[in-house]
Amino acid sequence: MRSIIIDGFHSFDIETICNIAPFDRIFYIGAPEDFPQKSNNVISYDCFSIPLGKYPSDFLDAEPLDECIINKFSRCESIVMKMFERNDFWFQTSFDQRKEWYLTHLRYWYHIIYKYNVSCFIKSNFAHEVYDYIIYSILKDKNEKTFFFSQLSFMNRFILEEDIYDYPRLTKYLSDNNKQKNPCSEVLEFINKQRVPADLTKNVFQIIENQRGVVKNQHKIIKTYNKKYAIVPDLNQKYFFVALHMQPEMTTCPLAGQFVYQDLIIELLDYYLPQNIYIYIKEHPAQTCIGRSENFYERFANRKRVKFIRTDVNSRILCDNSMAVVTCTGTIGWEALIRSKPVLMFGSFFYQFAPGCFCVKTREQLLSSIKTILSDYKIAQDEIDSFFQKVYEYSNYGYINTAYKRLINISEKENENTILQIIQSKIYSNFLLEKEGNQC
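Here is a short report on the structure shown in this document. (Residues numbered from 1 in each chain as written. Predicted model: local features only at pLDDT ≥ 70, side-chain atom pairs only at ≥ 80, totals over all residues. Heavy atoms only, no water.)

Digging into the sheet that holds strand 11 (residues 324-327)
Thought 1: Here seven strands make up an open sheet; going across it, the order is 7-10-9-8-11-12-13 and the pairing parallel. Lying at the two open borders of the sheet, with one neighbouring strand each, are strand 7 (230-231) and strand 13 (357-359).
Thought 2: Where strand 12 (residues 343-345) and strand 13 come together, three bridges link them in parallel fashion. Following the sheet pairing, Val 343 is matched in strand 13 by Cys 357.
Thought 3: Where helix 10 (residues 263-272) meets the sheet, its contacts fall on strand 8 (239-243), strand 9 (278-282), strand 10 (306-309), strand 11 and strand 12, and the angle it forms with strand 9 comes to roughly 165°.
Thought 4: The strands that helix 13 (residues 331-338) touches are strand 8, strand 11, strand 12 and strand 13; relative to strand 11, the one it contacts most, it runs at about 160°. (Pairing = 2+ DSSP bridges. Helix = DSSP H or I, 4+ residues; strand = E, 2+ residues; numbered from the N terminus. Contact = heavy atoms within 4.5 Å. Axes fitted to C-alpha atoms, helices over the stretch in contact; angles between N-to-C directions.)

Now the structure itself:
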């Protein structure tokens with residue numbers, strides 16, 4: 001027996017995705033209205049219930065956890081315990097409650113994955129909903145296949161990846177296509193629009209938010225931030241620009257790893273940057289009191305070179321006048337690269353391989369990156385153009401996240417056919433070949 005877990009694909013043709021799957025058993029996690037109706041080998045889970053540990057009544061059949069298994073997934077646990085913060089929009093939970101839910105998820109999916117020989121996991125986004133990150137972690141430990149679709153903020157495109165940190169598929173593509181490429185007219189037009197003067201443009205996040213709608217009932221945290229802590233910046237100073245992420249969000253948890261705690265980034269910069277360089281920090285304008293408290297600002301308020309910047313200051317102006325842009329995985333990062341500004345990335349996202357992007361996990365990497373940036377480092381525009389041309393060729397036009405549907409000029413049918421073709425040719429075909437090989 002060989003099984004698969006499929007998660008998400010809300011409002012897509014999940015019936016067909018399940019029917020063409022070359023597996024004996026399918027575990028599908030999604031909204032009840034998406035549950036496949038005609039597939040006898042499918043076990044469905046309500047994606048709104050299982051985050052709270054509500055599993056089928058046969059849960060007690062699952063073998064209990066021991067210390068060895070729990071310790072094996074300690075890194076997963078540290079990420080997941082922060083990930084539970086997503087629930088705080090609706091209700092507050094204690095540490096003990098989070099721990100109980102975590103152990104429930106770990107026990108259940110460890111049992112399912114090993115009992116039913118789960119050898120593949122497909123999800124219509126990177127794992128970031130607690131239970132899915134646990135599934136991902138167990139399967140990685142078991143050396144099985146995981147596949148994640150990811151919506152890029154770049155040119156209305158999406159990609160398929162096998163890991164949420166290492167990007168092995170993109171890495172291989174860039175390695176196989178290492179010669180410099182001239183951008184096609186569509187890519188060049190997009191890039192040139194990103195390079196117009198900062199005061200004439202909106203960044204990509206603003207465009208997306210205008211389509212999706214901003215966070216309703218803005219909490220007082222932004223008002224407090226602007227009134228009590230933030231200033232209008234002196235753009236004549238030397239500074240690194242830190243663009244804070246809205247939290248809780250996938251872009252930091254899990255994609256930033258331990259740097260989901262963004263204060264760690266500020267501490268590192270404050271310790272290792274030369275004393276004559278300021279640190280300008282701009283809060284995300286959509287931040288609420290869930291994920292950030294006033295204590296965050298208070299902690300750095302009295303540090304002489306750490307300056308919080310008002311949220312109504314144009315981020316691209318801050319970018320253009322900075323020595324470097326600092327982000328976990330934000331759109332401001334690849335926008336900065338296109339505008340020839342070096343980037344310190346404290347996380348993992350598709351543009352981590354771009355020239356001028358310095359990925360930081362350790363103190364040594366940070367020191368090396370700062371030294372390079374301060375040595376009159378320049379990004380060659382033709383190299384950046386070539387990189388984004390390769391991303392364009394590697395990725396697919398369309399939406400995997402339905403929140404982007406109104407942004408993208410593609411029919412539902414054409415979009416679904418693209419996704420089905422990718423699943424069949426780039427995922428299922430590999431398992432069909434394995435099955436045929438075993439039968440020979």
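Some words on the pairing of strand 2 (residues 25-30)
Thought 1: In terms of burial, strand 2 is largely enclosed, as five of its six residues are buried.
Thought 2: With five bridges joining them, strand 2 and strand 3 (residues 42-46) adopt parallel strand pairing. Following the sheet pairing, Ile 26 is matched in strand 3 by Val 42. (Buried < 20%, exposed > 50% of the residue type's maximum accessible area, 1.4 Å probe, protein only.)

Some thoughts on the sheet that holds strand 5 (residues 145-151)
Thought 1: Taken together, the seven strands give an open sheet; going across it, the order is 3-2-1-4-5-6-14, and neighbouring strands pair in mixed fashion. Because the sheet does not close on itself, it has two edges, and the strands there are strand 3 and strand 14 (396-397).
Thought 2: Against the sheet, helix 5 (residues 131-141) engages strand 1 (3-7), strand 2, strand 4 (118-123) and strand 5, with an angle of about 140° to strand 4.

A look at the nonpolar core
Thought 1: If you look at the biggest cluster of nonpolar residues, it comprises 84 residues, and the most contacted ones within it are Trp 109, Tyr 133, Phe 154 and Phe 350.
Thought 2: In terms of residue count, the dominant contributor to this core is helix 4 (residues 95-115) (eight residues).
Thought 3: Other than its neighbours up to four places away in sequence, Phe 350 contacts Leu 152, Phe 154, Tyr 167, Leu 170, Trp 334, Phe 387, Phe 388 and Val 391.
Thought 4: Counting 33 residues, the second-largest nonpolar core is a separate cluster that includes Ala 256, Phe 259, Ile 265 and Ala 324. (Core = buried A, V, L, I, M, F, W, Y, C linked by side-chain atoms within 4.5 Å.)

Let's talk about the pattern of salt bridges
Thought 1: According to the stated counting rule, one finds 27 salt bridges in the structure shown.
Thought 2: The closest approach of N and O atoms between Lys 142 and Glu 144, which form a salt bridge, is 2.7 Å. (Salt bridge = Lys/Arg side-chain N within 4 Å of Asp/Glu carboxyl O.)

Examining empty space enclosed by the protein
Left-over empty space is what a probe sized like a water molecule reveals as it rolls over the atoms.
Thought 1: Counted according to the given criterion, the structure contains one cavity of 30 Å³ or more.
Thought 2: If you add up the space inside the largest cavity, you get close to 30 Å³.
Thought 3: Taken together, Lys 82, Met 83, Glu 85, Arg 86, Pro 248, Cys 253 and Val 260 make up the lining of the largest cavity.
Thought 4: For the lining of the largest cavity, the class distribution of residues is four nonpolar, no polar and three charged. (1 Å grid on protein atoms, 1.4 Å probe; cavity = no way out; pocket = protein on both sides within 12 Å on 5 of 7 lines; lining within 4 Å. Points joined across faces, edges and corners; volume = space filled by probe spheres on them. Nonpolar A, V, L, I, M, F, W, Y, C, P; charged D, E, K, R; others polar.)

Overview of the packing of aromatic side chains
Thought 1: In total, this model carries 46 aromatic pairs according to the counting rule given.
Thought 2: Centroid distance Phe 23 to Phe 431: 4.9 Å. Interplanar angle 55°. Geometry classified as tilted. With a gap of 408 residues between them, Phe 23 in the loop between helix 1 (14-19) and strand 2 and Phe 431 in helix 16 (residues 412-439) connect regions that are remote in the sequence. Each member of the pair, Phe 23 together with Phe 431, is buried.
Thought 3: With centroids separated by 5.6 Å and ring planes inclined at 85°, the aromatic side chains of Phe 350 and Tyr 351 adopt a geometry described as edge-to-face. Across the pair, exposure class does not vary: Phe 350 and Tyr 351 are buried alike. (Phe/Tyr/Trp six-rings, centres within 6.5 Å; stacked < 30°, edge-to-face > 60°.)

A short note on the packing of helix 4 against helix 5
Thought 1: Here helix 4 crosses helix 5 at 45°, and the two axes come no closer than 9 Å. When the axes of helix 4 and helix 5 are compared, the pair comes out oblique. Once helix 4 is placed against helix 5, the crossing between them reads as right-handed. Residue-level inspection shows Tyr 102, His 105, Leu 106, Trp 109, Tyr 110, Ile 113 and Tyr 114 of helix 4 in contact with helix 5, the latter providing Tyr 131, Ile 134, Ile 135, Ile 138, Leu 139 and Asp 141.
Thought 2: Tallied by class, the residues present in the contact of helix 4 with helix 5 amount to eleven nonpolar, one polar and one charged. (Parallel < 35°, antiparallel > 145°, perpendicular 65-115°, else oblique. Left-handed = near helix turned anticlockwise from the far one by under 90°.)

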